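Structural overview
Given next are the chains, with one letter for each unit.
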Amino acid sequence: MPKIQNSHWIFRVPEFGKIQITYFIIITFILGFLADSHSEYFWYFQGFLGLMLVHHGVILVKYTPAYPVKKHSRQEKSSQKIHFISANVYQFNTEYSRFIKLIEKHKPEVFLTMESNKDWEKAMQSLEKDYPYHHKVTLENTYGMHFYSKIEIKEAKTHYFVADDIPSIEVHLMTEDGFSFVFFGVHPPPPSPTEEETSKERDGDLLSTAKRVTKIDKPVIVVGDFNNVAWSKSSILFRKTSHLIDPRIGRAFVSTFHAKYRMLRFPIDLMFHSEDIFIEKLTTLENFGSDHLPVYCEFFIDHHNDQQEERIEQATTEEKIQAEEMIQKGKEEDGERDAVVTED
């Protein structure tokens, strides 16, 4: 179904389950040999399952350590290690202390929260003594966003690319050892039967961010709950349009949602970075009561190492036109969201 390029959630949601579908194919293929193999259709069925396994496997193997990607070590001219945590806290999660303990335990230089409202902002005030720099977008519609940093913020902006209730943040930072970089936080609405009927706003918002990234001549990181998977057409288009790298390639899926159901967990909290940012660690952390697991990352900046440039993919003219069309459709889509969302 995802092969059909229709933005309705019926066609987009199945993209999320590719890992689970692949496991199901493997199990079914093996169980097939325990069934009546004398059926005249047996090898047709097994052959079809084999083709499906190859199709999904070719896509998914890129997001495993089996896919060859060169590793880079920090050099003398590189920045110090920087650590961040990105977490969709789930607006109705009231276990604030568990999240605060998570931050105190891992001590990242910066962290980003999504779905954070006024209650979450109040709860996180205790962290402000250690994180004196912050940029807050406090909303009650499950799209609030808070950014806290030990690193000095030089400039911070809030963008509303496709809708006036869906923010994205752009934060310019300068480290103590003199390295500047830009941190983008995104959280577009998902296509689903309970939220947005189509993926138009999601795709338009993400591609608007990609377009903005190309205008910045600094190291860039884009992080957040993309409500998308790395292998979807719109994610690949985002990567090509923004000229950023997907660190999951050659590393791991880093699945985050749903935190409570391991077998139904999808990698929808994504991250992309420019070629002068080098990722040393990317993983999930322990659950703190949200429906998403937090993402933890260690990276450094190196302006003198150009070995990652070969990983940058360029969008074709046709893809650039397609991206502009998707941005326009996202702006034209009239998403019906309440200003205040309750758990009921």
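Quick note: structure is the one above.
One structure accompanies this document, and this report is about it. Bear in mind the structure is a predicted one, so any value in this text is a computation, not a measurement. Once a new chain begins, its residue numbering starts again from 1 and follows that chain's sequence as written. Local features are withheld for residues below a pLDDT of 70 in this predicted model, meaning they are given only at 70 or higher, and side-chain atom pairs are given and counted only at 80 or more; totals for whole chains, interfaces and linings count all residues. Water and hydrogen atoms play no part in the side-chain values, which are based on all heavy atoms of the structure.

Some details on the nonpolar core
By size, the foremost hydrophobic cluster in this structure holds 27 residues, and its most contacted members are Phe 84, Phe 147, Leu 173, Phe 183, Ile 221, Met 271 and Phe 299. Elements supplying a minimum of two residues to this core: strand S1 (82–88), strand S2 (110–114), strand S4 (145–149), strand S6 (168–174), strand S7 (180–186), strand S8 (220–225), strand S10 (277–284) and strand S11 (295–301). Here this core takes four residues from S11, the largest share from any one element. Contacts between residues were defined by any pair of non-hydrogen atoms, one from each residue, lying within 4.5 Å. In contact with Leu 173, not counting residues within four places along its chain, are Val 110, Phe 147, Ser 149, Ile 151, Glu 152, Ile 153, Phe 179, Ser 180, Phe 181 and Phe 183. By nonpolar core we mean a set of buried residues, namely Ala, Val, Leu, Ile, Met, Phe, Trp, Tyr and Cys, connected to one another through side-chain atoms within 4.5 Å. Three labels apply to residues, based on accessible area from a 1.4 Å probe with only protein chains included: buried if under 20% of the type maximum, exposed if over 50%, partly exposed otherwise in between. Ranked by size, the runner-up nonpolar core spans 19 residues in total, among them Phe 184, Val 186, Ile 216 and Ala 323. Helix and strand labels come from DSSP, where a helix needs a run of H or I of at least four residues and a strand needs a run of E of at least two; each type is numbered from the N terminus.

A look at the packing of aromatic side chains
Working definition: a ring pair exists when centres of Phe, Tyr or Trp rings (six-membered ring for Trp) sit within 6.5 Å. Plane angles under 30 degrees give stacked, over 60 give edge-to-face, the rest tilted. Following the criterion strictly, the structure yields 23 aromatic pairs and no others. For the ring pair Tyr 41 and Phe 45, a centre distance of 6.4 Å and an interplane angle of 45 degrees mean the geometry is tilted. Taking relative accessible area as the criterion, Tyr 41 reaches 46% and is therefore assigned partly exposed. Put simply, the rings of Tyr 96, Phe 99, Phe 111, Trp 120, Tyr 131, Tyr 148 and Phe 288 touch in pairs and so form one group of aromatic residues.

Observations regarding the sheet that holds S6
Strand order across the open sheet formed by five strands is S5-S6-S7-S8-S9, with mixed pairing between neighbours. Every interior strand has two partners, whereas the edge strands, strand S5 (152–159) and strand S9 (269–273), have only one. Put simply, the sheet's adjacent strands are angled 15 degrees from each other on average, direction ignored. For two strands to count as paired, DSSP must find a minimum of two bridges between them. Relative to S8, S7 is paired through five bridges, and the arrangement is parallel. The residue of S8 that forms the bridge with Phe 184 is Val 222. To define axes, lines are fitted to C-alpha atoms, for helices over the stretch in contact only, and angles between the resulting N-to-C directions are given on a 0 to 180 degree scale. Strands S5, S6, S7 and S8 of the sheet are contacted by helix H6 (residues 200–213), whose axis makes an angle of about 170 degrees with S7.

What about H6?
Compared with an ideal rise of 1.5 Å per residue, which puts 14 residues at 20 Å, H6 spans 20 Å between its outermost C-alpha atoms and is within 8% of the ideal. With respect to burial, H6 is a largely interior element, eleven of its 14 residues being buried. Looking at the buried side of H6, the elements it contacts are helix H1 (9–12), S6, S7, S8, helix H7 (233–242) and helix H8 (317–332). In this analysis, the expected span of each helix is defined as 1.5 Å times one less than the number of residues it contains.

A short note on helix H4 (residues 96–106)
All buried positions along H4 are accounted for by Phe 99, Ile 100, Leu 102 and Ile 103. The buried residues of H4 occupy an angular sector of 155 degrees when the element is viewed end-on, so they sit on one face. Facing away from the buried side of H4, by more than 90 degrees, are the exposed residues Lys 101 and Lys 105. Where H4 ends, the next residue or the one after it, Lys 107, has phi of about 50 degrees, a positive value. Here the arc refers to the set of directions running from the helix axis out to each C-beta atom.

A word on the packing of H6 against H7
The interhelical angle for the contact between H6 and H7, taken along N-to-C directions, is 15 degrees, at an axis separation of 8 Å. Taken as axis vectors, H6 and H7 run roughly parallel relative to one another. Considering how the two elements wind past one another, H6 and H7 form a crossing that is right-handed. Contacts between H6 and H7 involve Arg 202, Asp 203, Leu 206, Leu 207, Thr 209, Ala 210 and Val 213 from the former and Ser 234, Leu 237, Phe 238, Thr 241 and Ser 242 from the latter. Residue polarity follows a fixed list, in which Ala, Val, Leu, Ile, Met, Phe, Trp, Tyr, Cys and Pro are nonpolar, Asp, Glu, Lys and Arg are charged, and the others, Gly among them, are polar. Residues belonging to the contact of H6 with H7 are distributed by class as follows: six nonpolar, four polar and two charged. In this scheme, roughly parallel covers angles under 35 degrees and roughly antiparallel covers those over 145, while 65 to 115 is roughly perpendicular and the rest are oblique. Each crossing is labelled by how the near helix is turned from the far one, with a counterclockwise turn of less than a right angle marking it left-handed and a clockwise turn marking it right-handed.

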